[in-house]
Amino acid sequence: MLDIKKIYEEKLGASFHEYKMPAPSFSIMQAEIIEYDESKASLTIQMPVLEIFLNPFGTMQGGMIVAAMDNAIGSLSMLVAPLNMTRNIESKLIKAITMDVESLFITAKLSEQKKRRLIFDVVVKDGNNEVYATAKITNWIL
């Protein structure tokens, strides 16, 4: 089992205790970090598709999908860079997510760093590797 708390404590050092870990939004979405690859600067979270995430049509609300992607980026960004924040999210919602999709697997990867700008690629899949959404997210080092 991945001991992500230990990884964060090692990366963040004494400042680890200054942050709410995991982030409240991460906890509310019942997300869990299932893989972290330091050499590839990538991280995968798993989260259930919950009824409270649905819109009136019975599909996952787009903002909740983007929030899931942002939670993956936020988790990874703390491991690969100094304090930073989301600056821009360019998302593509490809296929509707229904309650039939029990869990989502959101993989975030740092694809580029230019001075204070961090550029991440994100893919949202189900357990069968079907892609539901992608994004390019830019964070800004504070």
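Residues numbered from 1 in each chain as written. Predicted model: local features only at pLDDT ≥ 70, side-chain atom pairs only at ≥ 80, totals over all residues. Heavy atoms only, no water.

Draft legend 1. The sheet that holds strand β6 (residues 131-141), seen in detail. Spatially, the six strands line up as an open sheet ordered β1-β2-β4-β5-β6-β3, and their pairing is antiparallel. The open sheet has two edge strands, β1 (32-37) and β3 (84-93), and neither has a second partner. The mean inter-strand angle of the sheet, taken between neighbouring strand axes irrespective of direction, is 20°. For strand β2 (residues 42-48) and strand β4 (residues 103-114), the ladder comprises seven bridges, and the chain directions are antiparallel. Each bridged residue has a counterpart across the sheet, and for isoleucine 45 the counterpart in β4 is isoleucine 106. Here helix α3 (residues 62-80) sits on the sheet in contact with β1, β2, β3, β4, β5 (117-125) and β6, set at roughly 50° to β4. (Pairing = 2+ DSSP bridges. Helix = DSSP H or I, 4+ residues; strand = E, 2+ residues; numbered from the N terminus. Axes fitted to C-alpha atoms, helices over the stretch in contact; angles between N-to-C directions. Contact = heavy atoms within 4.5 Å.)

Draft legend 2. How the structure looks around the packing of aromatic side chains. Inspection of every chain in the model, using the stated rule, returns zero aromatic pairs. The side chain of arginine 87 reaches across the aromatic face of tryptophan 140, ending 4.7 Å from its centre. (Phe/Tyr/Trp six-rings, centres within 6.5 Å; stacked < 30°, edge-to-face > 60°. Lys NZ or Arg CZ within 6 Å of the ring centre and 35° of its normal.)

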